[in-house]
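If you want the building blocks of each chain, they are given just below.
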Amino acid sequence: MKLDRLAPDLERLQADLHELSGLVEPDLDGWSRPVFSESYRAAREWVARKMADAGLQVHVDPVGNIVGTREGRGVRAALATGSHTDTVRGGGRFDGIVGVLAGIEVARRLRETGTVLEHDLRVVDFLGEEPNDHGVSCIGSRAVVGAISADYLAMPDGKGVALGERLDSRDDIAAARWASDEVAGFVELHVEQGPVLERDGLQLGVVTAIAGIERAVATFHGRPDHAGTMPMGERHDALLTAAEAVLAVEQIGCSAPDAVATVGRVESLPGALNIVPSWARVWSELRSASTPWLDRVRGDLTARIADVARARGVDVELDWLNDQPPVPTTRSVQDLIASSASSIGYSWRAMPSGAGHDAAHIASLAPTGMIFIPSQGGRSHCPEEWTDVEAIGVGTHTLAATLLAMDTAPFARQEEQ
Ligand code: HGY
Ligand code: MN
Ligand code: MN
């Protein structure tokens, strides 16, 4: 088939982006649609309607993923694509929703060109990809690969509500699990959320690996004292200890070329101007596509935090959360994305993803690939996030061509890298 026939309708994509990105929380900054919020519920009703309008058979699975299916000629396993429609607070208009809308547009173009694949096509809006108030990310994609544990379901939010209480499937999360042979392959289209493609002047990224993420919470117990009378050398200041820990995180993040480390939140008590802080808490994360680096820096950070606390006579507790190892994508799927892009005439490069994605979980179940399109200024997780609709069209076109190629080309399962 001439791949140009599967090119997306840019005006329709633009209209979808405008409608869906406008469903946000009125009292939050940016384009905010946190999981379990009212705007998120409205957005998912919108997605289900759009999937149905595109001719997909729509159902909501036991954990709350929205799944749209276009029947194929009969090959047992489905080809899947999709992403997420929840956002970070203060987020942008493209993170996640581009992958869901592209999947719906591919379904429309298949219908409009009368193209029936051998495989079913499955378009998924995965529940809650962003880290939520319960400290869990990628709820829907973890659930379909059986990676939502009872501990996860018990994780409370700030109001003490357990994650399981928020899920439709509170009694049987296992029912959401996809069978090991249910999906033949998965491809996710996503904005790059970084500066590489724009800097290199390229249209597409073929993702080689998705960074691993280690998250740590350090709690410092110092001693409250009068800020006016206690000499500097005799204090046990929890916040100053936390400040040194924050700088230690930065130094670790700068210790390897493709690594990053961030402290996104610091709290301290009692918070009075005239009392030396007695308590402080630091939330940090370390990311890299290199497993050896992640393994090493867990120990490094643990040792450095213990050192700065000891030096100031402050006690510290360090909890490690969400150890998500780096995930390589499947080489043969990477090759199909690259050959599809090249055959249409799009420029591309291979690159790792510093951001986490639902694909990182689906990769444990099926051959998996990711397609990136440029983010303006490399900005994301902020209201300034922007990707031109033409670039989204290039990504959607490449997604369609890749799924068409996967429909007939042999590609290996996960063990081949
Ligand atoms: O945090 C991430 O990398 C993704 O945006 N959830
Ligand atoms: Mn995100
Ligand atoms: Mn995302």
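Residues numbered from 1 in each chain as written. Chains lettered and ligands numbered in written order. Predicted model: local features only at pLDDT ≥ 70, side-chain atom pairs only at ≥ 80, totals over all residues. Heavy atoms only, no water.

A. Quick look at the overall build of the protein. What the protein contains, in helices and strands, is 12 helices and 13 strands. The C-alpha atoms of the protein give a radius of gyration of 23 Å, which matches the 22 Å a tight globule of 417 residues would have. If one aligns the C-alpha atoms of the protein with their principal axes, the spans along those axes are about 80 × 40 × 35 Å. Per-residue burial for the protein yields a buried fraction of 55% across its 417 residues. Considering only intrachain contacts with a sequence separation of at least 6, the fraction spanning at least 24 residues in the protein is 79%. Approximately 17200 Å² of the protein is accessible, and the part contributed by carbon and sulfur atoms is 53%. Counting 38 positive and 60 negative side-chain charges, the protein places the centres of these two groups 1 Å from one another. (Helix = DSSP H or I, 4+ residues; strand = E, 2+ residues; numbered from the N terminus. Rg over C-alpha atoms; globule rule 2.2 N^0.38 Å. Buried < 20%, exposed > 50% of the residue type's maximum accessible area, 1.4 Å probe, protein only. Contact = heavy atoms within 4.5 Å. Areas by Shrake-Rupley, 256 points an atom, 1.4 Å probe, with all protein chains shown as cover. Lys, Arg positive; Asp, Glu negative; His and termini not counted. Charge placed at Lys NZ, Arg CZ, Asp CG, Glu CD.)

B. Structural detail: helix α1 (residues 10-21). End to end, α1 covers 16 Å across 12 residues, agreeing with the expected 16 Å (1.5 Å per residue, within 8%). Those residues of α1 not exposed but buried are Leu 13, Asp 16, Leu 17, Leu 20 and Ser 21. Relative to the axis of α1, the buried residues are bounded by an arc of 110 degrees and lie together on one face. Along α1, the residues that are exposed and aim more than 90 degrees away from the buried face are Glu 11 and His 18. Against the buried residues of α1 lie α2 (38-53), α3 (97-112) and α12 (389-408). Where α1 begins, the capping side chain belongs to Asp 9, and its oxygen is found 3.0 Å from the backbone nitrogen of Glu 11. (Expected span 1.5 Å × (residues − 1). Arc of directions from axis to C-beta. Polar contact = N/O pair within 3.5 Å; in protein donor to acceptor, adjacent residues only side chain to side chain.)

C. Layout of the pattern of salt bridges. Scanning the model with the defined rule gives 25 salt bridges in all. Residues Arg 122 and Glu 182 are paired through a salt bridge, measuring 3.0 Å at the closest nitrogen-oxygen approach. Placement of the pair is Arg 122 in strand β4 (residues 119-126) and Glu 182 in the loop between α6 (163-166) and β5 (183-191), with a sequence separation of 60 residues. Owing to a relative accessible area of 19%, Glu 182 belongs among the buried residues under this scheme. With a closest N to O distance of 2.9 Å, Glu 285 and Arg 215 form a salt bridge. With a gap of 70 residues between them, Glu 285 in strand β9 (residues 279-288) and Arg 215 in strand β7 (residues 212-221) connect regions that are remote in the sequence. Arg 215 carries the same exposure label as Glu 285, and that label is buried. Here the salt bridges share partners, and the residues they tie into one network are Arg 12, Asp 16, Lys 50, Glu 105, Arg 108, Arg 109 and Glu 112. (Salt bridge = Lys/Arg side-chain N within 4 Å of Asp/Glu carboxyl O.)

D. The coordination of the manganese ion (ligand 2), seen in detail. The manganese ion (ligand 2) binds to the protein through Asp 95 (OD), Glu 130 (OE) and His 381 (NE2); the donor distances cover 2.0 to 2.2 Å. A relative accessible area of 5% places Asp 95 in the buried class. (Donors = N, O, S within 2.8 Å, 3.2 Å for Na, K, Ca; no water.)

E. How the structure looks around the coordination of the manganese ion (ligand 3). Donor atoms from the polypeptide that bind the manganese ion (ligand 3) are His 84 (NE2), Asp 95 (OD) and His 190 (NE2), placed at 2.1 to 2.3 Å. A spacing of 3.6 Å is found between the manganese ion (ligand 3) and the manganese ion (ligand 2), which share Asp 95 as a donor. Remark: Asp 95 occurs in the loop between β3 (75-84) and α3 and His 84 occurs in strand β3; sequence separation between them is 11 residues. Owing to a relative accessible area of 0%, His 84 belongs among the buried residues under this scheme.

F. Quick peek at the packing of helix α8 (residues 238-253) against helix α9 (residues 291-311). Taken N-terminus to C-terminus, the directions of α8 and α9 make an angle of 155 degrees; their axes are 10 Å apart at the nearest point. If you check the angle between α8 and α9, you find them roughly antiparallel. As α8 runs across α9, the sense of the crossing is right-handed. Taken together, the residues of α9 that come into contact with α8 (itself represented by Thr 241, Glu 244, Ala 245, Ala 248, Val 249, Gln 251 and Ile 252) are Trp 293, Val 297, Asp 300, Leu 301, Arg 304, Ile 305, Val 308 and Ala 309. (Axes fitted to C-alpha atoms, helices over the stretch in contact; angles between N-to-C directions. Parallel < 35°, antiparallel > 145°, perpendicular 65-115°, else oblique. Left-handed = near helix turned anticlockwise from the far one by under 90°.)

G. Region of interest: the site of ligand 1. Around ligand 1 sit Glu 129, Glu 130, Arg 287, Ala 355, Gly 356 and His 381, and that is every residue in its neighbourhood. Within the side chain of Arg 287, an N or O atom sits 2.6 Å from an oxygen atom of ligand 1. In this structure, Gly 356 approaches ligand 1 through a main-chain N or O atom, which is 2.7 Å from an oxygen atom. Within the complex, the protein chains bury 92% of what would otherwise be the 220 Å² of accessible surface of ligand 1. Its residues placed into classes, the shell around ligand 1 shows 1 nonpolar, 2 polar and 3 charged. (Near = heavy atom within 4 Å. Nonpolar A, V, L, I, M, F, W, Y, C, P; charged D, E, K, R; others polar.)

H. Spatial organisation of the packing of aromatic side chains. According to the stated counting rule, one finds 3 aromatic pairs in the structure shown. Taken together, a centroid distance of 5.3 Å and an interplanar angle of 80 degrees make the contact between Phe 94 and Trp 386 edge-to-face. In this pair, Phe 94 is assigned in the loop between β3 and α3 and Trp 386 in the loop between β13 (368-373) and α12, connecting sequence segments 292 residues apart. Residue Phe 94 is classed as buried on the basis of its relative accessible area, which comes to 5%. Residue class for Trp 386 comes out partly exposed when judged on its relative accessible area of 29%. Relative to Phe 186, the ring of Phe 126 has its centre 5.9 Å away and its plane inclined at 75 degrees; by these criteria the two rings are edge-to-face. Taken as a pair, Phe 126 in strand β4 and Phe 186 in strand β5 lie far apart in primary sequence, 60 residues in all. Pair check on accessibility: Phe 126 and Phe 186 agree, each one buried. One aromatic cluster is present, formed by Phe 126, Trp 178 and Phe 186 through successive ring pairs. One Lys or Arg, Arg 122, reaches over the ring of Trp 178 and ends 4.8 Å from the middle of that ring. Above the face of the Trp 283 ring, Arg 265 is positioned so that its terminal group lies 3.9 Å from the ring centre. (Phe/Tyr/Trp six-rings, centres within 6.5 Å; stacked < 30°, edge-to-face > 60°. Lys NZ or Arg CZ within 6 Å of the ring centre and 35° of its normal.)

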